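Below are the chains, spelled out letter by letter.
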Amino acid sequence: MGLIPEDKIAEIRDRTDIVAVIGEYVTLKRTGVNHKGLCPFHNEKSPSFNVNAQKQFFHCFGCGKSGDVISFVSELEGKSFMETLRELAKRSGIELPEERRSPRDEERARAAESERAKMVRLHELVAKFYREQLSSSAGQAARAYLESRGLDEPTAEKFHVGFAPAGWEALARHLETKKVPVELAERAGLIRRRENGSHFDTFVNRVVYALTSPMGEVIGFGGRVINPEDQPKYKNSPETLLFKKGENLFGLHLAKHAIRRGGRALVVEGNFDVMTLHQVGVDYAVAPQGTAMTAEQVKLLSRFAKEVVLMLDADPAGRAATMKVVHLFVEAELPCRIAQLRAKDGKKQDPDELARKDLPKLQALIDHAQDAVEFYFEQVAATSAPTVPGRVAAIEEVAPLLRTLRDPLARDLYCDKLASLLKVETALVQRALRTAPPERKMRDVQPQPAAVEAAPLRDVAQRRIPLTHYSLLAFLGQHGDYWPRVDASLLKDDAVKTLVASAQEGRTFDAPWLLNACPAEIRDAVAKALSSEEFAGEGDDPARAFEAIVTAIRLPSDLPSLMNERSQAIERGDFELTQKLNARINAVRRSSR
Ligand SMILES: [Zn+2]
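All values reported here derive from a predicted model rather than from experimental measurement. The numbering scheme is per chain: residues are counted from 1 as the chain's sequence reads. Per-residue local features are limited, in this predicted model, to residues with pLDDT of at least 70; the limit for side-chain atom pairs, both in listing and counting, is 80 or more; totals at the level of whole chains, interfaces and linings are taken over all residues. Calculated side-chain values reflect all of the structure's heavy atoms, with hydrogen atoms and water omitted.

Some thoughts on the pairing of strand β12 (residues 264-267)
When DSSP finds at least two bridges between two strands, those strands are taken to pair. Only DSSP runs of H or I covering at least 4 residues are called helices, and only runs of E covering at least 2 are called strands; the numbering of each starts at the N terminus. When β12 meets strand β14 (residues 307-312), the two strands line up parallel, connected through 4 bridges. Residue pairing across strands places Val-267 opposite Leu-310, the latter belonging to β14. Taken together, the 2 bridges between β12 and strand β13 (residues 285-286) define a ladder with parallel strand orientation. For Leu-266, the partnering residue across the bridge sits in β13 and is Ala-285.

Here you go:
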């Protein structure tokens, strides 16, 4: 890999809007100079993840993770530093030196390229091949199918819709001419090996479309049959390094901005439904890619959406399945509503069909979707017998969901609602909640790995640093040119001393670097100091502020010796020192309160 000069890296970092990039993964709220959100690196309910746009760093006070925009993207996307750098450079329009290499170097670089990057490149190549096949003469039937579904060309292009030819070996042969290693294509699940060692295609005579990561990389394919006799009707790439079932949402890379803007996501069942909805302007629609919603998918959605509307088919997959999904949303504290499509004249309706024939009706369905918990209660109440055993069974079925609600007020209101639906006293429902044996909890709901996954423990306990040292770091955060002037030997706190010394040695004073070099036990304190605006004032004289901080650091920090010094100063008639000591004494008293 050709080395990219340091200043180029700094330029990429400076020209990248860290809040915009991180904002694609985390919903950020502005609080003063910082932005705050739920940490994507650990599970949490209240935001402790901070992004500082001015100093270009992020820091989580929950799990302690910190860094710059490059380390954020590479960590979250599992990409190498170089891959991330190239991507961010492209994004902010910065030219990186083209790596001019001999064929041998080229080969070596390719070998060093991560398996992930190779697979992404392969998928892009294959997506292009499928696109070309769609417009070829062989793609006639596929084009006719897309036309029958009303999918237009711009939408097909956006979703990488293409055609996987019949004949079993079209892709395998194409990859051979492109010199793609067969093992790689096999690992990507795009071709498969026969007993005799030859290869055949995974997708044959199907309309195909790309499955993508939230960043928009092609990570797999889905395909639908053209010939009605072929089976199965829908088929996805097998699980690979890139594609994991139930971890991504179809269409999210296109929908995420609209979801963030409007706060709302629409979840439909079919991938083709998503395409049609985007085509008619419902651009916040996604689909769970052929599985029932998983905890991972709910978590992924919660990074972008404030509320989710689930559009269920006219013949829902059954109460147990609905219960599971509603439970996942309650667990994630992501408000969820349900819009149910009703069968019309005995014919079931698709979101797809409704979007094309009666968009206002679809919009109304979304706008008037019912609260998911209430929806579920109504289903239970409507099907339970109006007898004592019937009511007991109904309350027991709903109890696990009610217990998951963390907000006591919401829980009480839902108890009221359930009681009135079942025509019993609210107190009865509440008592059932308190006394129901815990082992009855969630009999048919499997705990989802992401939901039970605990936050990573901080390996190092965090401590405070002396007020004077904190002021110094806050000052240096605003006035980087003062770093070399600090006399580290004056610093009484060893960890801060180490940090300042290594910063001076490294001659790098930017926040992400400092947090990285920082002794672990004071990282939170340093992140806080660097985010502070205490010394950002324009009118102040930085030289005098610096002088005052250094003097405060020189002064003793325990009250008896401070008082002693003050008496001596008064005796000497050193008025200036007396004043400084007064301020210091007040500060020590304040901080020890
Ligand atoms: Zn965290």
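Description of the sheet that holds strand β6 (residues 162-164)
Strand order in the open sheet formed by 4 strands is β6-β9-β10-β11, with antiparallel pairing between adjacent strands. The open sheet terminates on both sides in strands that have one partner only, identified here as β6 and β11 (234-236). Looking at each pair of strands side by side, their axes are set apart by 35° on average, direction ignored. Relative to strand β9 (residues 206-212), β6 runs antiparallel, the two sharing 3 bridges. Across the sheet, the residue bridging to Phe-163 is Val-207, located in β9. Contact criterion: two residues are considered in contact whenever any of their non-hydrogen atoms come within 4.5 Å of each other. Axis angles are defined between N-to-C directions and span 0 to 180 degrees, where every axis is a line fitted to C-alpha atoms and, for a helix, only to the segment in contact. Running at roughly 80° to β9, helix α12 (residues 271-279) makes contact with β9, β10 (218-225) and β11 of the sheet.

Examining the packing of helix α17 (residues 372-383) against helix α18 (residues 388-404)
Orientation of α17 relative to α18, taken along the N-to-C sense of each, is 165°, at an axis distance of 10 Å. Judged on the interaxial angle alone, α18 and α17 are roughly antiparallel. Crossing of α17 over α18 shows right-handed handedness. When α17 is examined against α18, the residues Val-373, Tyr-376, Phe-377 and Val-380 are found in contact with a partner set consisting of Ala-394, Glu-397, Val-398, Leu-401 and Leu-402. A breakdown of the residues in the contact of α17 with α18 according to their chemical character gives 8 nonpolar, no polar and 1 charged. Roughly parallel covers angles under 35 degrees, roughly antiparallel covers those over 145, roughly perpendicular covers 65 to 115, and oblique covers all other angles. Crossings are sorted by hand: turned counterclockwise from the far helix by less than a right angle, the near helix makes the crossing left-handed, and turned clockwise it makes it right-handed. Three classes are used: nonpolar for Ala, Val, Leu, Ile, Met, Phe, Trp, Tyr, Cys and Pro, charged for Asp, Glu, Lys and Arg, and polar for all others, with Gly counted as polar.

Details of the pairing of β10
For β10, the buried fraction is high: 8 of the 8 residues fall into the buried class. Relative to β10, β9 runs antiparallel, the two sharing 7 bridges. Residue pairing for β10: Tyr-209 is matched across the bridge by Gly-222. Connecting the antiparallel pair β9 and β10 is a turn made up of 5 residues, with Gly-216 showing a positive phi of about 95°. Relative accessibility thresholds used throughout: buried, under 20% of the residue-type maximum; exposed, over 50%; partly exposed, between the two (1.4 Å probe, protein chains only).

Considerations on empty space enclosed by the protein
Detection works on a 1 Å grid of protein atoms alone, calling trapped sets that fit a 1.4 Å probe cavities and calling open sets with protein on both sides within 12 Å along at least five of seven lines pockets, with lining residues defined by an atom within 4 Å of a point. Grid points are joined across faces, edges and corners, and a volume is the space filled by probe spheres set on the points. Evaluated as defined, the whole model comprises 2 cavities of 30 Å³ or more. Roughly 30 Å³ of volume is contained in the second largest cavity. In this structure, the second largest cavity is lined by Ala-172, Leu-175, Glu-176, Val-180, Pro-181, Val-182, Ala-185 and Ile-191. Those elements that place two or more of their residues in the lining of the second largest cavity are α9 (170-177) and α10 (182-187). At 3 residues, the largest contribution of residues to the lining of the second largest cavity is made by α9.

Observations regarding the coordination of the zinc ion
Put simply, the ideal angle at a metal is 109.5 degrees for four donors in tetrahedral geometry and 90 or 180 degrees for six donors in octahedral geometry. In the first shell of the zinc ion, the protein supplies Cys-39 (SG), His-42 (ND1), Cys-60 (SG) and Cys-63 (SG), at 2.1 to 2.3 Å from the metal. Donor atoms (N, O, S) are those found within 2.8 Å of the metal centre, with the cutoff raised to 3.2 Å for Na, K and Ca; water is not part of the atom list, so apparent gaps in a site can occur. Irregular is the default label, applied whenever a site is not tetrahedral (four donors, all angles between 85 and 135 degrees) and neither square planar nor octahedral (four or six donors, opposite donors over 155 degrees apart, all other angles between 65 and 115). Note that the zinc ion binds 4 donor atoms; their angles at the metal cover 100 to 121°, and the shape is tetrahedral. In primary-sequence terms, the residues that donate to the zinc ion follow C-x2-H-x17-C-x2-C. Residue Cys-39 is located in the loop between β2 (34-37) and β3 (49-52), and its partner Cys-63 is located in the loop between β4 (57-60) and β5 (66-67); the two are separated by 24 residues in the primary sequence. The same class applies to Cys-39 and to Cys-63, which are both buried.

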